[in-house]
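# Residue-level structural notes
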Amino acid sequence: MQISDNMRGAFLMMGSMVAFTVNDAFLKAVSDELPLFQALFLRGIGTVVCLIILAHVLGQFRLSFGAKVWALIGLRSAAEVLAAIFFLTALFNMPLANVTAVLQALPLTVTLAGAVFLGEAIGWRRMLAILVGFSGVFLIVRPGAEGFNVYSLYALAAVGCVTLRDLVVRRMPRDVPSVMVGLVAAVAVMVFGGVACLTEDWAPVTTVAAAQLGGAMVAIVFGYVFSVAAMRGGDLGFVAPFRYAGLIAALILGWLVFAEWPDAVTLTGAAIVVATGLFTLLRERHTARRSTIGRLR
């Protein structure tokens, strides 16, 4: 049976999100033995090596960019470093599914930031969806409530950094290879982790910790490969909503591996965020299609 480009892209997107979530689970598991920055540095070494190989295989390895592009790549890499620190700090101290649920607000924050800072058009329907979605985030985080975890704020900070990262990407020329952008960011994260781990006591890497780091490296490389392929395998508006497979994977892995399950309020908040995010993505697809038809007439 012939698989359409859209369905292939959808499967690749789901594979990418599941792979990234498996990476998160491995890192959360290794937090029992290794401090944050040591884990970040050691995983970064393998990630950088694999991305260099991937860039060569795809024919995207090049460094001949102008000063403006390098400035954007540098800003994006700085945002990536901060996102990694905030996200892993939250991940090491919160249930996997809860952290992942907060990150599902990204389509909402990127859409809102694009309208505020880049002047992108946004209708009242998407604006209402964004506001409703933020109420879902509030249910997940619940500041001031009895079950509040201060590390939820780190997860929110990670969302802000990733939003900045994605906005910077929108300003980059389309001919800048995506794998090279990711590679530079991975190098920045690795270098920062290497410098920062000098402030921590270096923990011995046991066989179990090495296996967990190896699993994280393999998973994140598959995540990168699948995500790049997904963006080239179908219509972005059709493929993007399948990113929410990561939340399902986080719920399953959190339950099976860490014996964690979010409470009813958190699940309700996550459902609101996912529903409004899906609406926003589908609405963007509909708007883009109408714009294309209008230009053809």
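Now for a description of the structure that goes with this document. (Residues numbered from 1 in each chain as written. Predicted model: local features only at pLDDT ≥ 70, side-chain atom pairs only at ≥ 80, totals over all residues. Heavy atoms only, no water.)

## Some points on the overall build of the protein chain
Regarding its fold elements, the protein chain presents 12 helices and 0 strands. When the elements of the protein chain are put in sequence order from the N terminus, they spell out α-α-α-α-α-α-α-α-α-α-α-α. A compact globule built from 297 residues would reach a C-alpha radius of gyration of about 19 Å, and the protein chain, at 19 Å, matches this within 12%. Across the 297 residues in the protein chain, those meeting the buried criterion constitute 48%. At a minimum sequence separation of 6, the contacts of the protein chain that also span at least 24 residues come to 89%. Only carbon and sulfur atoms are counted for the fraction: they give 69% of the accessible area of the protein chain, which is about 14600 Å². (Helix = DSSP H or I, 4+ residues; strand = E, 2+ residues; numbered from the N terminus. Rg over C-alpha atoms; globule rule 2.2 N^0.38 Å. Buried < 20%, exposed > 50% of the residue type's maximum accessible area, 1.4 Å probe, protein only. Contact = heavy atoms within 4.5 Å. Areas by Shrake-Rupley, 256 points an atom, 1.4 Å probe, with all protein chains shown as cover.)

## What about the side chain of Thr-109?
Inspection of the secondary structure assignment puts Thr-109 in helix α5 (residues 106–117). A distance of 3.0 Å separates the side chain of Thr-109 from the backbone oxygen of Leu-106, its partner in a polar contact. (Polar contact = N/O pair within 3.5 Å; in protein donor to acceptor, adjacent residues only side chain to side chain.)

## Side note on the pattern of salt bridges
In the structure shown here, the tally under the stated rule is 5 salt bridges. Between Arg-76 and Glu-80 there is a salt bridge, and its shortest N-O distance comes to 3.3 Å. One end of the pair is Arg-76 and the other is Glu-80, both in helix α3 (residues 67–93) and 4 residues apart, which spans about a single turn. This pair shows no difference in class: Arg-76 is buried, exactly as Glu-80 is. Residues joined in a network through salt bridges with shared partners are Arg-76, Glu-80, Arg-165 and Asp-166. (Salt bridge = Lys/Arg side-chain N within 4 Å of Asp/Glu carboxyl O.)

## Describing the packing of aromatic side chains
One pass over the structure, following the stated rule, counts 5 aromatic pairs. For the ring pair Phe-65 and Trp-70, a centre distance of 5.4 Å and an interplane angle of 65 degrees mean the geometry is edge-to-face. With relative accessibility at 13%, the residue Phe-65 sits in the buried group. Judged by its relative accessible area of 31%, Trp-70 is partly exposed. Their ring planes at 35 degrees and their centres at 5.4 Å tell us that Tyr-151 and Tyr-154 sit as a pair that is tilted. What makes Tyr-154 partly exposed here is its relative accessible area of 32%. Linked through ring pairs, Phe-86, Tyr-151 and Tyr-154 together constitute an aromatic cluster. The ring of Phe-258 carries Lys-28 above its face, with NZ or CZ at 5.6 Å from the centroid. If you follow Arg-243 out to its NZ or CZ, it ends over the ring of Tyr-244, 5.8 Å from the centre. (Phe/Tyr/Trp six-rings, centres within 6.5 Å; stacked < 30°, edge-to-face > 60°. Lys NZ or Arg CZ within 6 Å of the ring centre and 35° of its normal.)

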